[in-house]
Amino acid sequence: MVQNPAFAGRKLVLFALGAIVLTWCSLGLDWWSIDRQLAADSTGDSARSLGMGAPAWGFVLLTIGLVAAVLIIEGCRLLFGIRDQASRQLALQRRIIDHASEAMILTDGAQRILSVNAAFERMTGYAATEVIGLTPTMLSSGHQGLNFHRSIWDFVAENGLWEGEIWDRRKDGAIYPKQMRITAIRDESGQATHFVATFADISEAKAQAERFEYLAHHDQLTNLPNRLALDGHLGHLLDSAVPGINHLALLIIDLDNFKTVNDSLGHHAGDRLLAEIARRLTAEMDRTKRLFRLGGDEFVVVFDQLDNSAAVVRLIDRLVSAIGQPCDIDGHQLHSTPSIGISLYPQDGRDGLTLIRNADAAMYAAKAAGRNNYQFFAESMNAAANKRLHLESELWRALAENQLVLHYQPQIDLLSGKVVGVEALVRWCHPLRGMIAPAEFIPVAEECGLILPLGHWVLLTACRQVRSWLDAGSSASPISSRPCKACWPKPACRLSAWSWKLPKALSCMASMPPSRRWPSSRPWGSGWPSTTSVPDIPRCPTCVASRLTG
């Protein structure tokens, strides 16, 4: 039974006063009995002896009484000090509990609430007087059911501790999640006499976690699910799919020439165009189709519950029509066209990674076929993509291992019959495949960024050969165009137009001696158009440099 500290203090004072009174009463009684005995004795020797000892005996009794009183008073003072210290400590602990951010409930062994703190009142909306004597199940939201709460308390009674997440209801009826911990307080015999429950509202934490989850699986520009969400969606669909019974299609949509919008109108206009295209494509989706954004200008549609490929074609017609509608961006009417690649489950792949890779190959085939069309995946597309990838890797090795060679075709003046120049032809001497023509590897070099080092190698190799021929006594310029009266034939090499787009191309050419540089009007590689003028490089209007081609 818990007593009031003030009442317990008053009882201690009464006990102390009673102890002092009893002590002095006993001492007074002893003194009185001694005085009576002295008065009754009349013999001389006895009287003298007793009379001489009476004052000393009384002083002893008085001293004993004073010491006893002082000890009792000092003991009471110490006890009062201990009580005040305990009261202050208890008040401090109570303030700490009331200032705690977590709500606390103290119950007895029958789960009746004995005390709650201020955080409980703030969190639940209930005052302490409204819940004392009740059980914590009165806070139940009903989501988990009454048996769930009973099983929690039974678990605590048996194991001494339970921790987990539950849903409760506030006084105003609002339902909220909370993280709760219940601990049993046991006596010396191990019997659970009380229970302490602490809990915290985790609504904001769950909302923030859901926000992070959303951001991790969605694109911020279009609010469409991203690649991570696509992997999860495909994994869920394919795990439950049965080959031969379930069919689905995966479409990769790439906007044609989207980079032109970014380069001409800026990335802000490109973002607005992507957001509008995403809105139009979303309008064409239903419960069997889901739209994702891979990044950049690429979108993915997963068509579930597919009956036949004709349904895919009908969907593509709607998507192309939606994308092709004009879009007003900053006063400009923009028209977009898509290149679409399609892979089908199970014939084109039985896992998400394979389906995405094959649809991507089909999309690049659609671009190679002229853009603004769609292509279903075929195994030949995969072979072509793999061949191109291997060719790019081998081209890097070819430059590192000096596998490229230059062939020189003489140019003869028909009137004099003399050799006036040569045409340099670049070839790739592959260690396994033999000679590879420029038309096969030059486009790859231009796309993967190898065109500049390749052109640099051609320039240096041709100029070294010119120097060696001149040192050997050759009178004609080995690499030149037809001569004219304005200038004598000079060594010159033709670079691809792609080379001039690279920032180091001009500096590389300008760093060469003037006698070894000459702009040309035709490309080397496959005859594509090139630049017609280059700053700071001398040019004769009637002389055209030779063409390095195959």
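This text goes with the structure placed above it.
A.B. asks: Help me out: how do you make sense of the overall build of the protein chain in this one?
C.D. replies: Counting secondary structure elements, the protein chain contains 16 helices and 15 strands. Burial statistics for the protein chain: of 550 residues in total, 39% are counted as buried. For the protein chain, long-range pairs separated by at least 24 residues make up 59% of all intrachain contacts whose partners lie at least 6 apart in sequence. Of the roughly 30,900 Å² that the protein chain leaves accessible, carbon and sulfur atoms contribute 58%.

A.B. asks: Is there a simple way to think about the packing of helix H9 (residues 267-283) against helix H10 (residues 309-324) in this case?
C.D. replies: The angle between the axes and the distance between the axes are what describe a pair of packed helices. Taken N-terminus to C-terminus, the directions of H9 and H10 make an angle of 150°; their axes are 9 Å apart at the nearest point. With respect to the hand of their crossing, H9 and H10 are arranged in right-handed fashion. For the pair H9 and H10, the contacting residues are Ile-277, Arg-280 and Leu-281 in the first and Leu-319, Ala-322 and Ile-323 in the second. Classifying every residue of the contact of H9 with H10 by side-chain character gives 5 nonpolar, no polar and 1 charged.

A.B. asks: Mind showing me how you'd approach helix H11 (residues 352-368) here?
C.D. replies: Side chains that are three or four residues apart share a direction in an α-helix, a result of its 3.6 residues per turn. If you check H11, its first and last C-alpha atoms are 24 Å apart, about what 17 residues at 1.5 Å a residue would give, namely 24 Å. Judged by how many residues are buried, H11 sits mostly within the fold: 12 of 17 residues are covered. For H11, the N-terminal capping position is held by Asp-351, with its side-chain oxygen 3.2 Å away from the main-chain nitrogen of Leu-353. Following H11 by one or two positions, Gly-370 adopts a phi angle in the positive range, close to 115°.

A.B. asks: Looking at this structure, how should I read the pairing of strand S8 (residues 298-303)?
C.D. replies: On a regular strand, one side chain projects to one face of the sheet and the next to the other, so that they alternate. Counting buried positions over the 6 residues of S8 gives 6, a clear majority of the element. With burial as the criterion, each face of S8 is covered, one bearing Glu-298, Val-300 and Val-302 and the other bearing Phe-299, Val-301 and Phe-303. Looking at chain direction, strand S7 (residues 289-295) and S8 are connected through 6 bridges and run antiparallel. Pairing of Gly-295 across the sheet is with Glu-298, part of S8. As consecutive antiparallel partners, S7 and S8 are separated by 2 residues, and within that stretch Gly-296 has a phi angle of approximately 60°, a positive value.

A.B. asks: Is there a simple way to explain the side chain of Arg-280 in this structure?
C.D. replies: Structurally, Arg-280 is set in helix H9. Among the polar contacts listed, one links the side chain of Arg-280 to the side chain of Glu-276, at a separation of 2.9 Å. Reaching out from Arg-280, the side chain makes a polar contact with the backbone oxygen of Pro-326 at a distance of 3.0 Å. Setting aside residues no more than four positions away along its own chain, Arg-280 makes contact with Ala-322, Ile-323, Gln-325, Pro-326 and Cys-327.

A.B. asks: Could you clarify how one ought to interpret the pairing of strand S6 (residues 248-255) in this entry?
C.D. replies: Of all 8 residues in S6, 8 are buried; the element is thus mostly enclosed. Where S6 lies against strand S11 (residues 338-345), 8 bridges are found, and the strand directions are antiparallel. Among the inter-strand pairings, Leu-255 is bridged to a residue of S11, identified as Pro-338. Relative to S8, S6 runs antiparallel, the two being bridged by 6 bridges. By the bridge assignment, Leu-251 is partnered in S8 with Val-301.

A.B. asks: For this particular structure, what's the right way to read the sheet that holds strand S15 (residues 434-436)?
C.D. replies: Backbone hydrogen bonds hold the strands of a sheet together, and the pairing may be parallel or antiparallel. Spatial strand order, S13-S14-S15: 3 strands in an open sheet with antiparallel pairing. A single partner strand is all that each edge strand has here, and the edge strands are strand S13 (404-412) and S15. Across the sheet, the mean angle separating the axes of adjacent strands is 45° when strand polarity is ignored. In this structure, S13 lies alongside strand S14 (residues 419-430), joined through 9 bridges in antiparallel fashion. In the strand pairing of S14, Val-405 is matched with Arg-427.

A.B. asks: Can you help me understand the pattern of salt bridges in this one?
C.D. replies: Opposite charge on two side chains permits them to pair, given that their charged atoms come into close proximity. In this structure the tally under the stated criterion is 17 salt bridges. Between Arg-112 and Asp-108 there is a salt bridge, with the nearest N and O atoms lying 3.2 Å from each other. A relative accessible area of 13% places Asp-108 in the buried class. Between Lys-206 and Glu-165 there is a salt bridge; the shortest N-O distance is 3.3 Å. Here the residue Lys-206 occupies a position in helix H6 (residues 203-217), and Glu-165 occupies one in strand S3 (residues 161-169), the gap between them amounting to 41 residues. With relative accessibility at 36%, the residue Glu-165 sits in the partly exposed group. When salt bridges with common partners are traced through the structure, they connect Asp-254, Asp-256 and Lys-367 into a single cluster.

Analysis parameters
Residues numbered from 1 in each chain as written. Predicted model: local features only at pLDDT ≥ 70, side-chain atom pairs only at ≥ 80, totals over all residues. Heavy atoms only, no water. Helix = DSSP H or I, 4+ residues; strand = E, 2+ residues; numbered from the N terminus. Buried < 20%, exposed > 50% of the residue type's maximum accessible area, 1.4 Å probe, protein only. Contact = heavy atoms within 4.5 Å. Areas by Shrake-Rupley, 256 points an atom, 1.4 Å probe, with all protein chains shown as cover. Axes fitted to C-alpha atoms, helices over the stretch in contact; angles between N-to-C directions. Left-handed = near helix turned anticlockwise from the far one by under 90°. Nonpolar A, V, L, I, M, F, W, Y, C, P; charged D, E, K, R; others polar. Expected span 1.5 Å × (residues − 1). Polar contact = N/O pair within 3.5 Å; in protein donor to acceptor, adjacent residues only side chain to side chain. Pairing = 2+ DSSP bridges. Salt bridge = Lys/Arg side-chain N within 4 Å of Asp/Glu carboxyl O.

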